[in-house]
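So you can see what is in the structure, the chains are spelled out below.
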Amino acid sequence: MIRLININKYYETGGEKVHAVRNLSVDFPDTGLCFILGPSGSGKSTLLNLLGGLDTPDSGEIWIEDREIKSLSRKERINYLNSYLGFVFQEYNILKDLSLKENIILPLQIQGYSRREINKRFNQIIEDVDLKGLEKRKVSQLSGGQKQRIAIARSLIKEPSLIIADEPTGNLDSETGHNIFNIFKKLSKDRLVIIVTHDEESALEFADMIIRISPDGDSLQKVNENE
Ligand code: ADP
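Throughout what follows, the structure given in this document is the object of discussion. No experiment lies behind these values; they were computed from the predicted model shown. (Residues numbered from 1 in each chain as written. Predicted model: local features only at pLDDT ≥ 70, side-chain atom pairs only at ≥ 80, totals over all residues. Heavy atoms only, no water.)

1. A look at unusual backbone geometry
The backbone of Glu65 shows a phi angle near 55 degrees, a positive value even though the residue is not glycine. Here Glu65 is to be found in the loop between strand 4 (59-64) and strand 5 (67-68). Since its relative accessible area comes to 47%, Glu65 is described here as partly exposed. For Tyr92, which is not glycine, the phi torsion reads 70 degrees and is therefore positive. Of note, Tyr92 is situated in the loop between strand 6 (85-89) and helix 3 (100-110). (Helix = DSSP H or I, 4+ residues; strand = E, 2+ residues; numbered from the N terminus. Buried < 20%, exposed > 50% of the residue type's maximum accessible area, 1.4 Å probe, protein only.)

As structure tokens, this is what we get:
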């Protein structure tokens, strides 16, 4: 479904060239929970941006279904971002003046979905992410873990095949983080979930697959664990 072939990405700042992603090849499964581990600066966020279509590699190929990403037109790429992919960030990125429900349904409202379809998906999703009963709350009345579950629900409501999460538990205590990983685990039964984290212990507990970026940044290796 998603295949990376010999991906390289360089950045040039102030005359210095940084080799941010080094010759990485990975075949991702259609469903399951995949963690990306590695020290700060090893290229993890760059890799997520490439997978998310937010940036393009300097060399190599990214295949999504049966299309290479460079061959997509601008319109097709936007469509990919809108329908195929959901993003979750460390800082939740939710709007504090909106209610829990308004935050979650925003992507569908922007795309003009019917109220009936929006309500149907919303009611299912708040059960999936354990937010039932909190629908009318203002975001300011919610905990960090609840805010992150809103962000996950908002990424889910478009029913994407892929969810990408960048340090989604970085601002949470370990018990709350554990709950969030449990939710991602459940969601990964029906879709692919790719998570960057520093939480090695949780990755080992929850992962179907781990991509480990070596500490010296000199090479990228893929290790399958648990399965
Ligand atoms: P990680 O997410 O593992 O911390 P990043 O992907 O953010 O690593 O960064 C990988 C390398 O690329 C680092 O050396 C970083 O300084 C560099 N880098 C990342 N983004 C940029 C950018 N926009 N311009 C220049 N260098 C960058």
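Next, the rest of the story.
2. Some thoughts on the site of the ligand
As a matter of local geometry, the ligand sits amid Tyr11, Thr13, Val18, Ala20, Pro39, Ser40, Gly41, Ser42, Gly43, Lys44, Ser45 and Thr46. Within the backbone of Gly43, a nitrogen or oxygen atom sits 3.0 Å from an oxygen atom of the ligand. For the ligand, an oxygen atom lies 2.5 Å from a polar atom in the side chain of Thr46. Counting residues per element, the shell around the ligand draws most heavily on helix 1 (residues 44-51), which supplies three residues. (Near = heavy atom within 4 Å. Polar contact = N/O pair within 3.5 Å; in protein donor to acceptor, adjacent residues only side chain to side chain.)

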